[in-house]
Amino acid sequence: MRLTKFIATNLQGAAFNLKFGLVNVLCGGNFAGKTSVLKAIRLNLTGSLPLPIGTRPGSIYKMAGDSEHAGIMSFRLETDGNRVIESCYTKHEDGTCSV
């Protein structure tokens, strides 16, 4: 299985629409979102942020939307076998995040 497309909305207040080739490189300056994209792909595929990324409480909460407002963060991954994996997380004002 090869990832062909990744769409993220409201990921730390930003949106991504990436198409993947056979070889891919994420590049950009500091705080450009490279690690956030990788975390989002990992979260979408596994449903969690395993160690060491998920060691701090609220790590998924911090990814959803901007730092000051509640919101909905969603992901869509597509593969070369026409498989689609979608997930959606809602950030609540009380500091929790639900699927």
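Everything discussed here concerns the structure shown above.
Residues numbered from 1 in each chain as written. Predicted model: local features only at pLDDT ≥ 70, side-chain atom pairs only at ≥ 80, totals over all residues. Heavy atoms only, no water.

Asker: What am I meant to see in helix 1 (residues 34-46) here?
Answerer: At 3.6 residues per turn, the α-helix brings residues three or four places apart onto the same side. With 13 residues, helix 1 ought to run about 18 Å at 1.5 Å a step, and its terminal C-alpha atoms sit 19 Å apart, in line with that. Taken together, the buried positions of helix 1 are occupied by S36, V37, A40, I41, L43 and N44. Projected down its long axis, helix 1 shows its buried positions confined to an angular sector of 165 degrees, all on one face. Facing away from the buried side of helix 1 by over 90 degrees, the exposed positions are T35 and L38. (Helix = DSSP H or I, 4+ residues; strand = E, 2+ residues; numbered from the N terminus. Expected span 1.5 Å × (residues − 1). Buried < 20%, exposed > 50% of the residue type's maximum accessible area, 1.4 Å probe, protein only. Arc of directions from axis to C-beta.)

Asker: So what exactly am I meant to see when it comes to the side chain of T79 here?
Answerer: Structurally, T79 is set in strand 3 (residues 71-79). For T79, the residues in contact, after removing those within four places along its chain, are M1, R2, L3 and T4. (Contact = heavy atoms within 4.5 Å.)

Asker: Explain unusual backbone geometry here, please?
Answerer: Among all residues save glycine, negative phi is the norm, and among peptide bonds the norm is trans. With a phi close to 60 degrees, F31 is a non-glycine residue in the positive phi region. Looking at the element boundaries, F31 is found in the loop between strand 2 (14-19) and helix 1.

Asker: Teacher, can you tell me more about the pattern of salt bridges here?
Answerer: Pairing between side chains of opposite charge can happen when the charged atoms of each approach one another. All chains considered together, the criterion is met by two salt bridges. Residue E78 pairs with R76 through a salt bridge whose shortest N-O separation is 2.8 Å. Look at R76 and you get partly exposed, because its relative accessible area is 28%. Here R76 ties to E86 by a salt bridge, and the two come within 2.8 Å at their closest N and O atoms. (Salt bridge = Lys/Arg side-chain N within 4 Å of Asp/Glu carboxyl O.)

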